[in-house]
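# Residue-level structure breakdown
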Amino acid sequence: MIEFIHVSKDFGKGQQEVHAVKDVSFTIEKGEIFGIIGFSGAGKSTLVRCINLLERPTAGSVIVDGQQMTELSARQLRHARKKIGMIFQHFNLMPSRTVFGNVAYPLKGSGLKSQEIADKVRELLELVGIGDKANAYPSQLSGGQKQRVAIARALANDPSVLLCDEATSALDPQTTKSILQLLKQLNEKLGITVVIITHEMAVIKEICDRVAVMEHGRVVEQGEVFSIFASPRQDITQNFIRTTSSLRKIDELVAADSPVIALKAGEVIVRLSYIQRNVSEPLISTVSQKFHVTMNIIFADIEIVQGAPVGGTVAIISGEPRQIEGTMEYLREKNVCVEVIKDARVSE
């Protein structure tokens, strides 16, 4: 549906020149929910705005649904943009228009009769769950309701692509979840391709099929969401994941020599990370019984992503040296990444 081919975008000239996007190439498949994640300034919003040419690439090509966007005439581009809906962090609603008026606005000049427009607007409002708000003004709505209006407006011209630029950043966690569920429902019902730009890990984990990680204008890692978060390869991706995980606390405790992680002779602290989809058996209880070791869990941070557990556990393993070694080997055989954080077996 969308293809970036060596896309770059620069702003300014000379010493003031900023390379916002640098030689980006990847493909977004038709009907998928694709996430682009990165810290502030990574270039993700600029990249997405290159899809509908709100930002024209300095170099490279953007192809949307078979059309080379940078080669379209002004008239052709206006027509192509109608098939690319967009929603934003701050909703961008017109305060002087009712909800009905906001959603109807993109249909001006569509050739539809006034009754057809009215029917379509009501249908869209029902679709996004605010059929009773047609006559309300934006100032009378909650943040979540405003974003539902913005989504309905973005769907007015039956787009094949929906771009979401930090669309949940201004919302509370509960409202964010409901908006993400709505986007997923629209994706499934309409077959629309959804591109989500975010700096929030929870958003990607919640609904995306695949993800691209951006840093300093480049895509440094991409793939299935489960694979990226279960086994991140790049430092930026690992740091991104750790900032939202309690498993990172163990590094702070080790650095501070906290009594929480004080070991007796022969003990070892390990961080266990699930790296494949087939980890489902109760491994902690299994190894405790099988190898006669004690597993004292310090932290656990496990979520279900794309139907499989991702995350891990930090634990102190106590037992005979051979049994501890057998435990770690067994876990590795079960596709668990075993990282030794602190080891008191050295003295033995």
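Data block above holds the structure.
Before going further, it helps to examine the nonpolar core. Residues I87, L125, I151, C164, L183 and I196 are the most contacted members of the largest nonpolar core, which totals 54 residues. Ignoring sequence-local partners within four residues, the contact set of L125 consists of V99, V103, I130, G131, A134 and A152. Residues I28, I51, L163 and V195 belong to the second largest nonpolar core, which totals 30 residues.

So, on to the pattern of salt bridges. Applying the stated criterion across every chain yields a total of ten salt bridges. A salt bridge links R345 to E325; its shortest N-O distance comes to 3.0 Å. With R345 in the segment after β14 (336–343) and E325 in helix α12 (residues 321–333), this pair connects stretches of sequence that are 20 residues apart. Classification of E325 as partly exposed rests on a relative accessible area of 39%. Of the charged contacts, one joins R345 and D343 as a salt bridge, the two residues approaching to 2.8 Å between their closest N and O atoms. Its relative accessible area of 17% is what places R345 among the buried residues. On the accessibility criterion, D343 (31% relative accessible area) is partly exposed. Linked by salt bridges that have partners in common, K9, R49 and E55 make up one network.

Under the criterion given, the structure shown has three aromatic pairs. Summarising the aromatic geometry, the rings of F26 and F34 are spaced 5.2 Å apart at their centres and angled 10° between planes, so their arrangement reads as stacked. The exposure classification of F26 matches that of F34, with both residues buried. Taken together, the aromatic side chains of F4, F26 and F34 make up a single cluster linked through ring pairs.

This brings us to the sheet that holds strand β4 (residues 59–64). Here four strands make up an open sheet; going across it, the order is β2-β1-β4-β5 and the pairing antiparallel. Because the sheet does not close on itself, it has two edges, and the strands there are β2 (18–28) and β5 (67–68). Of the pairings in the sheet, the one linking β4 to β5 comprises two bridges and is antiparallel in character. Its bridge partner lying in β5, I63 is registered against Q68.

A surface patch of positive charge is lined by R75, R78, K82 and K83. Here R75 lies in helix α2 (residues 74–81). A relative accessible area of 65% places R75 in the exposed class.

Where helix α11 (residues 283–291) contacts α12, the two axes come as close as 10 Å, and the packing angle between them is 145°. As α11 runs across α12, the sense of the crossing is right-handed. In contact with L283, T286, V287, K290 and F291 of α11, α12 contributes Q323, G326, T327, Y330 and L331. Grouping the constituent residues of the contact of α11 with α12 by class yields five nonpolar, four polar and one charged.

Rules used throughout
- Residues numbered from 1 in each chain as written.
- Predicted model: local features only at pLDDT ≥ 70, side-chain atom pairs only at ≥ 80, totals over all residues.
- Heavy atoms only, no water.
- Core = buried A, V, L, I, M, F, W, Y, C linked by side-chain atoms within 4.5 Å.
- Buried < 20%, exposed > 50% of the residue type's maximum accessible area, 1.4 Å probe, protein only.
- Contact = heavy atoms within 4.5 Å.
- Salt bridge = Lys/Arg side-chain N within 4 Å of Asp/Glu carboxyl O.
- Helix = DSSP H or I, 4+ residues; strand = E, 2+ residues; numbered from the N terminus.
- Phe/Tyr/Trp six-rings, centres within 6.5 Å; stacked < 30°, edge-to-face > 60°.
- Pairing = 2+ DSSP bridges.
- Patch = residues over 30% accessible without salt bridge, like charges linked within 9 Å, V, L, I, M, F, W, Y side chains within 5 Å.
- Areas by Shrake-Rupley, 256 points an atom, 1.4 Å probe, with all protein chains shown as cover.
- Lys, Arg positive; Asp, Glu negative; His and termini not counted.
- Charge placed at Lys NZ, Arg CZ, Asp CG, Glu CD.
- Axes fitted to C-alpha atoms, helices over the stretch in contact; angles between N-to-C directions.
- Left-handed = near helix turned anticlockwise from the far one by under 90°.
- Nonpolar A, V, L, I, M, F, W, Y, C, P; charged D, E, K, R; others polar.

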